[in-house]
Amino acid sequence: MIRLDDERARSFLADDDLNTLWPNVQEAHEAVLNKTGAGSDMLGWRDLLLDPDDALLEDIEATAARLRRDADVLLCLGIGGSYLGARAVISALTPYLQTHASDHSPSDDAPEGLSVDPTAPPEVRFAGHHTSGAYLAELLANLEGKSVFVNVISKSGTTLETALSFRVVREWMQDQYDNPSDRTIITTDSDQGALNALHETHDFYKKYVIPDDVGGRFSVLTPVGLLPIAAAGIDVRSFFYGAVSACETISADDEHAAFRYAALRYLLLNDGYDVEALAVFEPKLQDVGRWWQQLFGESEGKEGTGLFPTVVQYTTDLHSLGQYMQQGQRNLIETFLMPETDPGSLTIPETADDGDGLNYVAGKTMSDVTHAAYDGTAQAHTDGGVPNMTLRFDEIAPGPIGELLYFFEHAVAVSGYLLNVNPFNQPGVEDYKREMYDRLGR
Ligand code: PA5
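None of these values were measured; they are calculated from a predicted model.

Parameters and conventions
Residues numbered from 1 in each chain as written. Predicted model: local features only at pLDDT ≥ 70, side-chain atom pairs only at ≥ 80, totals over all residues. Heavy atoms only, no water. Near = heavy atom within 4 Å. Polar contact = N/O pair within 3.5 Å; in protein donor to acceptor, adjacent residues only side chain to side chain. Areas by Shrake-Rupley, 256 points an atom, 1.4 Å probe, with all protein chains shown as cover. 1 Å grid on protein atoms, 1.4 Å probe; cavity = no way out; pocket = protein on both sides within 12 Å on 5 of 7 lines; lining within 4 Å. Sits in = over half its atoms within 2 Å of the grid points. Points joined across faces, edges and corners; volume = space filled by probe spheres on them. Helix = DSSP H or I, 4+ residues; strand = E, 2+ residues; numbered from the N terminus. Patch = residues over 30% accessible without salt bridge, like charges linked within 9 Å, V, L, I, M, F, W, Y side chains within 5 Å. Salt bridge = Lys/Arg side-chain N within 4 Å of Asp/Glu carboxyl O. Buried < 20%, exposed > 50% of the residue type's maximum accessible area, 1.4 Å probe, protein only. Expected span 1.5 Å × (residues − 1). Arc of directions from axis to C-beta. Contact = heavy atoms within 4.5 Å. Phe/Tyr/Trp six-rings, centres within 6.5 Å; stacked < 30°, edge-to-face > 60°. Lys NZ or Arg CZ within 6 Å of the ring centre and 35° of its normal. Pairing = 2+ DSSP bridges. Axes fitted to C-alpha atoms, helices over the stretch in contact; angles between N-to-C directions.

K.L.:
Please set out the site of the ligand residue by residue, giving values where relevant.
P.N.:
Near the ligand there are 13 residues, and of these Ser82, Ser154, Ser156, Thr159 and Gln294 occur at the shortest range. At 2.6 Å, a side-chain N or O of serine 82 approaches an oxygen atom of the ligand. In the complex, 87% of the free accessible area of the ligand, which totals 380 Å², lies under the protein chains. Judged by the fraction of its atoms near the pocket grid, the ligand is located in the largest pocket.

K.L.:
Let's hear about the layout of surface pockets: which residues, and what values?
P.N.:
Here the largest pocket defines a volume of roughly 640 Å³. Surrounding the largest pocket, 25 residues form its lining, Thr159, Gly216, Glu298, Gln426 and Lys433 being those nearest its centre. For the lining of the largest pocket, the element with the highest residue contribution is helix H16 (residues 429–440), accounting for four residues.

K.L.:
Mind laying out the side chain of arginine 125, listing which residues take part and the relevant values?
P.N.:
The residue arginine 125 is located in strand E3 (residues 123–127) in this model. Reaching out from arginine 125, the side chain makes a polar contact with the side chain of asparagine 142 at a distance of 2.7 Å.

K.L.:
Any details on a nonpolar patch on the surface? Residues and values, ideally.
P.N.:
A surface patch of nonpolar side chains, about 260 Å² in accessible area, is lined by Leu346, Met366 and Val369. Relative to the elements of secondary structure, methionine 366 occurs in helix H14 (residues 366–383). On the basis of relative accessible area, methionine 366 is assigned to the partly exposed category, the value being 42%.

K.L.:
A description of H16 should follow, citing residues and the corresponding values.
P.N.:
Spanning twelve residues, H16 covers 18 Å between terminal C-alpha atoms, matching the ideal 16 Å at 1.5 Å per step. Turning to H16, its buried residues number three or more, namely Lys433, Met436 and Tyr437. Buried residues in H16, looked at end-on, bunch into an arc of 100 degrees, giving them a common side. Turned more than 90 degrees off the buried face of H16, the exposed positions are Asp438 and Arg439. Taken together, the buried residues of H16 touch helix H7 (160–176). Remark: glycine 441 follows H16 within two positions and exhibits a positive phi of approximately 80 degrees.

K.L.:
Outline unusual backbone geometry, supporting the account with residue identities and numerical values.
P.N.:
Each neighbour pair has its own omega, and for tyrosine 314 with threonine 315 the value is 5 degrees, a cis peptide bond. Assignment of secondary structure puts threonine 315 in the loop between strand E8 (308–313) and helix H13 (322–327). Positive phi, close to 55 degrees, is recorded for lysine 35, a residue that is not glycine. If you check the backbone angles, aspartate 203 has positive phi at about 50 degrees while not being a glycine. Relative to the helices and strands, aspartate 203 is located in the loop between helix H8 (194–202) and strand E6 (206–209).

K.L.:
Describe the packing of aromatic side chains, naming the residues involved and giving the relevant values.
P.N.:
Each pair of aromatic rings is reported with the distance of its centres and the angle of its planes. Under the defined criterion, the tally for this structure stands at 22 aromatic pairs. Both rings, one in tyrosine 83 and one in phenylalanine 126, keep their centres 5.5 Å apart while their planes meet at 65 degrees; by these two values the pair is edge-to-face. Of this pair, tyrosine 83 sits in the loop between strand E2 (73–77) and helix H5 (84–93) while phenylalanine 126 sits in strand E3, and the two are 43 residues apart along the sequence. Take tyrosine 83: its relative accessible area is 9%, and that puts it in the buried class. Between tyrosine 261 and phenylalanine 408, the ring centres sit 6.0 Å apart and the planes meet at 65 degrees, which makes this aromatic pair edge-to-face. In this pair, tyrosine 261 is assigned in helix H11 (residues 257–270) and phenylalanine 408 in helix H15 (residues 398–418), connecting sequence segments 147 residues apart. When its relative accessible area of 0% is taken as the criterion, tyrosine 261 is described as buried. Over the ring of tyrosine 177 we find arginine 183; its NZ or CZ atom is 3.8 Å from the centre of that ring. When the ring centre of tyrosine 261 is taken as origin, the NZ or CZ atom of arginine 265, which lies over that ring, is 5.5 Å away.

K.L.:
Can you explain the environment of serine 154? Please cite residues and give values.
P.N.:
Tracing the backbone through its elements, the reader meets serine 154 in the loop between strand E4 (148–153) and H7. Sequence separation between serine 154 and alanine 194 is 40 residues; the distance between their C-alpha atoms is 9.5 Å. Not counting chain neighbours up to four residues away, the residues in contact with serine 154 comprise Ser82, Thr159, Thr162, Thr187, Thr188, Asp189, Leu195 and Ile210. At a separation of 2.9 Å, a polar atom in the side chain of serine 154 contacts the main-chain amide nitrogen of glycine 157.

K.L.:
Give a description of the sheet that holds strand E9 (residues 332–341) that names residues and reports values.
P.N.:
Sheet strands pair by backbone hydrogen bonding; their relative direction is either parallel or antiparallel. Strand order in the open sheet made by the five strands is E1-E10-E9-E7-E8, with mixed pairing throughout. A strand with exactly one partner marks an edge of an open sheet, and here the two such strands are strand E1 (3–5) and E8. Across the sheet, the axes of successive neighbouring strands diverge by a mean angle of 25 degrees, strand direction being ignored. The pairing of strand E7 (residues 275–280) with E9 spans six bridges and is classified as parallel. In the sheet register, glutamate 276 faces E9, and the bridge partner there is isoleucine 333. This element, H14, spans E9 and strand E10 (388–395) of the sheet and lies at about 160 degrees to E9.

K.L.:
I'd like to hear about the side chain of asparagine 422, residue by residue, with values.
P.N.:
Within the fold, asparagine 422 resides in the loop between H15 and H16. Ignoring any residue separated from it by four or fewer positions in sequence, one finds asparagine 422 in contact with Ala38, Gly39, Ser299 and Lys302.

Quick look at the structure:
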């Protein structure tokens, strides 16, 4: 369950602001439910939860099982919505220091492609999300001798960063393996785009379809996110059904925290607070922040409106951005993202001589320290003029993470309608591409 503690944001608003806005929030919510708002032909991200496709989940689990059996590394090529969701969930739900199949080099006489430890998930690596040749070259050098499978993820099939990486990786795979096509999975449009054309020639091992009515930043619950997440050894079904449950709850609850979150951001934006920092204390959640950043930035940031979304990881960033947060321009709001249960903790030991003077915290856990830091930061930032709220979710586990991602998807749809923009398009993204293509002589 997701809870929103919003007193430290509401205290910056007039008493009746929220009540006055509420009919508009309800109207926006109805427009999402009834598909009557701008861009409503792109609401497929809700349909796939309202009518779950268990056969697809089974298929994805079967492919993931093959990857766990045969791959040391799953290399995912994609950018933006075709990469941030999978990365967010995998970062959140896998150990900081994980043993992967590729950590055990196969013995010389092991059959090609068979990892020594068949239970260890492949390492999921990402590429195709920037234009660094150095990164790609180092990555490929590092992959030598490993059993690599590729999942190229691109709805359009034409995104330059991803398409170029795929070209380079394909050449490399041709040198490495007898049958590179059998190690290649494409996730793309049902029939359009270059990946479909390549599939006709190369007959890749597997193709997954991104539904027409699901945009990139809303696609984490399609094969775009589900396959890499399952391959990483995460319980993809619990993740998916966590989102299903949030979709059912939020759709049926007019007072849900998702609406208060959208409404408070809107009211604060109208009061000149035009930057929102999503603050996490658990480093594992930083990539969820990067996913959220795209979701909100691309959905709201158009026609001269929207809050600029940024992510901060505390306490690390309190030692770099803390000064600005406390005393810089007062156009900031802050949303703390806190699990009710920490993913693990350790107890601070007592020492006989107390040489470092820290025995005053001996016996407490690192979680206790995190919570003191969170509480203290929220209070200090309130006093410093930063409206803030706290989103609490049960724990960093597949179901609650699925729930959380849907919460944000629904909230941003409502928020876009409050701002009077189409939350499902991204016309501004094309401008840099046009300029870049001109310079490359396309
Ligand atoms: O949200 C979006 O639509 C974008 O971030 C796209 O996902 C991104 O540009 C990649 O596009 P494509 O999947 O067509 O390669």
